[in-house]
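Residue-level structure breakdown
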Amino acid sequence: MATVARPVDSGGGLATAWARVWRARRLVERNIMVYRHQWIIIVSGVFEPIFYLIGIGLGIGGIVGEIPPAYVGGRTDVSYLAYVAPALLATAAMNGAVFETIFNVFFKLNHAKTYDGVLATPMGITEIALGEMLWALTRALLYAVAMFLIMLAFGLILSPWGVLMVPAALLVAAAFAGAGLAGTSYLRTVNDFDVPMGLVVTPMFLFSGTFFPIDIYPEALQWLMQVNPLYHAISLIRGLSTGLVGVAQVWDLAFLIGFFAICMWIAMRQMERKLIK
């Protein structure tokens, strides 16, 4: 096995971490150059949550009207559209991160062998994981900001806490980028895409309180939904949007941070196993 010399970072832990992030930016720059002639692939993802907002938010919202106060902390002014919109923002952040780290990273890892070339540079496994996560955050940020501006334009942000929705969406994207990187390392062929997309992402989207309060489901199913990371992402961002910020949102924040840390640890170990043989 060939050994590639890595530069030794001087300084403390913070200096080392910053040096790794600074090197990881090169992978982000590479991705920008790759997509500069394929920008429509990135931008097209902006429209999916907008279509859901128009089709379901306005459609069902026209029938439902206001959300019953029992489901929104006693508030009587939360329309169905204002209830669904922050959930779609959280979902957009998830999709931007997941699509980038599952599909594109898979082909770079298994077919294009992009990372084999990257490892011939001063960058290592940590920088590769950080670089792909930062690029996934960039894509997710585009989707989240687009939804935020639409919500702002239509008066769907009901609280000053709403200014924190975009930073919260970045945390959501980071958590799912870590999950995507970890999951991709276990995929063997393109046929395996059906597993994360069909058996993980789609059920998370449907059973996370996106369109309906989870209280309407059987209690056993509610417990399962509460271990869904997208449920916590939606709960956090919806709380910020509606001003219903409390202990539950603090727990959502802690859950997402823990989920991110675990997934990134798995991702780096698995990528090292696949790349350093």
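Our subject in this report is the structure included herewith. (Residues numbered from 1 in each chain as written. Predicted model: local features only at pLDDT ≥ 70, side-chain atom pairs only at ≥ 80, totals over all residues. Heavy atoms only, no water.)

1. Considerations on the environment of Asp 192
Selection criterion: Starting at the N terminus, helices and strands are each numbered in turn, a helix being any DSSP run of H or I of at least four residues and a strand any DSSP run of E of at least two. Residue burial is assigned from relative accessible area. The probe radius is 1.4 Å, only protein chains are included, and a residue is buried under 20% of its type maximum, exposed over 50%, and partly exposed in between. A 3.5 Å cut-off defines polar contacts: any pair of N or O atoms within that distance qualifies, except that in protein one atom must be a possible hydrogen donor and the other a possible acceptor, and neighbouring residues in sequence count only when both atoms are side-chain atoms.
Tracing the sequence through the fold places Asp 192 in the loop between helix 7 (165-184) and helix 8 (194-206). Judged by its relative accessible area of 16%, Asp 192 falls in the buried class. Linking Asp 192 and Trp 39, residues 153 residues apart in sequence, is a C-alpha distance of 26 Å. Looking at Asp 192, its side chain comes within polar contact range of the main-chain nitrogen of Arg 188, at 2.8 Å.

2. Some remarks on the packing of aromatic side chains
Given two aromatic rings, one states the distance between the centres and the angle between the planes to describe the pair. Which entries qualify depends on this criterion: Pairing of aromatic rings covers Phe, Tyr and Trp, the last counted by its six-membered ring, and requires centre-to-centre distances within 6.5 Å; plane angles under 30 degrees mean stacked, over 60 mean edge-to-face, and any other angle means tilted. By definition, being over a ring means that NZ of Lys or CZ of Arg is both within 6 Å of the ring centre and within 35 degrees of the ring normal.
One pass over the full model with this rule turns up 15 aromatic pairs. Ring pairing ties together the aromatic residues Phe 99, Phe 103, Phe 106, Phe 107 and Phe 193, which thus form one cluster. When the ring centre of Trp 22 is taken as reference, the NZ or CZ atom of Arg 25 above it lies at 3.8 Å. Positioned over the ring face of Tyr 83 is Arg 238, at 3.6 Å from the centre of the ring.

3. Some words on the environment of Val 245
Let me state the cut-off plainly: Here, residues are in contact when the closest pair of their heavy atoms is within 4.5 Å.
Residue position: Val 245 is located in the loop between helix 10 (229-242) and helix 11 (247-275). Sequence separation between Val 245 and Ala 174 is 71 residues; the distance between their C-alpha atoms is 22 Å. Contacts of Val 245, omitting those with residues within four sequence positions, involve Trp 161, Gly 239 and Leu 240.

4. Let's talk about a nonpolar patch on the surface
To keep it simple, the criterion reads: Patch construction takes residues with relative accessible area above 30% that form no salt bridge. Like charges are linked within 9 Å, and nonpolar side chains (Val, Leu, Ile, Met, Phe, Trp, Tyr) are linked within 5 Å. With residues, only the protein chains shown are counted as cover, and all accessible areas are computed by Shrake-Rupley using a 1.4 Å probe. Salt bridge, as applied in this entry: a Lys or Arg side-chain nitrogen positioned within 4 Å of an Asp or Glu carboxyl oxygen.
On the surface, Leu 141, Val 145, Leu 149 and Leu 152 cluster together into a nonpolar patch covering about 320 Å² of accessible area. Mapped onto the elements, Leu 152 comes out in helix 6 (residues 125-153). The exposure class assigned to Leu 152 is exposed, which follows from its relative accessible area of 51%.

5. As for the packing of helix 7 against helix 11
What counts here: Angles here are taken between N-to-C directions and fall from 0 to 180 degrees, while the axes themselves are lines fitted to C-alpha atoms, restricted in helices to the stretch in contact. Should an angle fall under 35 degrees it is called roughly parallel, over 145 degrees roughly antiparallel, and 65 to 115 degrees roughly perpendicular, with every other angle called oblique. The crossing is said to be left-handed when, going from far helix to near helix, the turn is anticlockwise and less than a right angle, and right-handed when the turn is clockwise. In this classification, Asp, Glu, Lys and Arg are treated as charged, Ala, Val, Leu, Ile, Met, Phe, Trp, Tyr, Cys and Pro as nonpolar, and every other residue, Gly included, as polar.
In contact at an axis separation of 8 Å, helix 7 and helix 11 are set at 30 degrees when each is read in the N-to-C sense. One finds that helix 7 runs roughly parallel with respect to helix 11. Seen along the crossing, helix 7 lies across helix 11 with a hand that is left-handed. Contact residues: Leu 171, Val 172, Ala 174, Ala 175, Gly 178, Ala 179, Leu 181 and Ala 182 in helix 7; Leu 253, Leu 256, Ile 257, Phe 259, Phe 260, Cys 263, Met 264, Ile 266 and Ala 267 in helix 11. Its residues placed into classes, the contact of helix 7 with helix 11 shows 16 nonpolar, one polar and no charged.

6. A short note on the nonpolar core
Basically, it comes down to this: Take the buried residues of types Ala, Val, Leu, Ile, Met, Phe, Trp, Tyr and Cys, join any two whose side-chain atoms come within 4.5 Å, and each joined set is a nonpolar core.
Formed by 83 residues in total, the largest nonpolar core has its most connected members in Leu 89, Tyr 115, Ile 128, Met 165, Phe 176 and Ile 237. A per-element tally of this core places helix 4 (residues 80-110) first, with 19 residues. Beyond its immediate stretch of four places on either side in the chain, Phe 176 contacts Met 94, Ala 97, Val 98, Thr 101, Met 204, Pro 229 and Leu 230.

7. Examining the side chain of Glu 132
Positionally, Glu 132 belongs in helix 6. Engagement of the side chain of Glu 132 in a polar contact is seen with the side chain of Lys 108, the distance being 3.0 Å. Within the structure, the side chain of Glu 132 is placed 2.6 Å from the side chain of Tyr 115, a separation counted as a polar contact. With near-sequence residues (within four places) excluded, Glu 132 lies in contact with Leu 27, Asn 31, Val 105, Lys 108, Tyr 115 and Leu 181.

8. A short note on the pattern of salt bridges
If you walk through the whole model with that rule in mind, you get seven salt bridges. One salt bridge in this structure joins Glu 127 and Arg 23, with 2.5 Å as the shortest N-O distance. Of this pair, Glu 127 sits in helix 6 while Arg 23 sits in helix 1 (residues 13-35), placing them 104 residues apart in sequence. A salt bridge links Lys 108 to Glu 132; the shortest N-O distance between them is 3.0 Å. You can see Lys 108 sitting in helix 4 and its partner Glu 132 sitting in helix 6, a full 24 residues away along the chain. Here the two residues Lys 108 and Glu 132 agree in accessibility, since each one is buried. It is possible to trace a salt-bridge network through shared partners that takes in Arg 25, Arg 26 and Glu 29.

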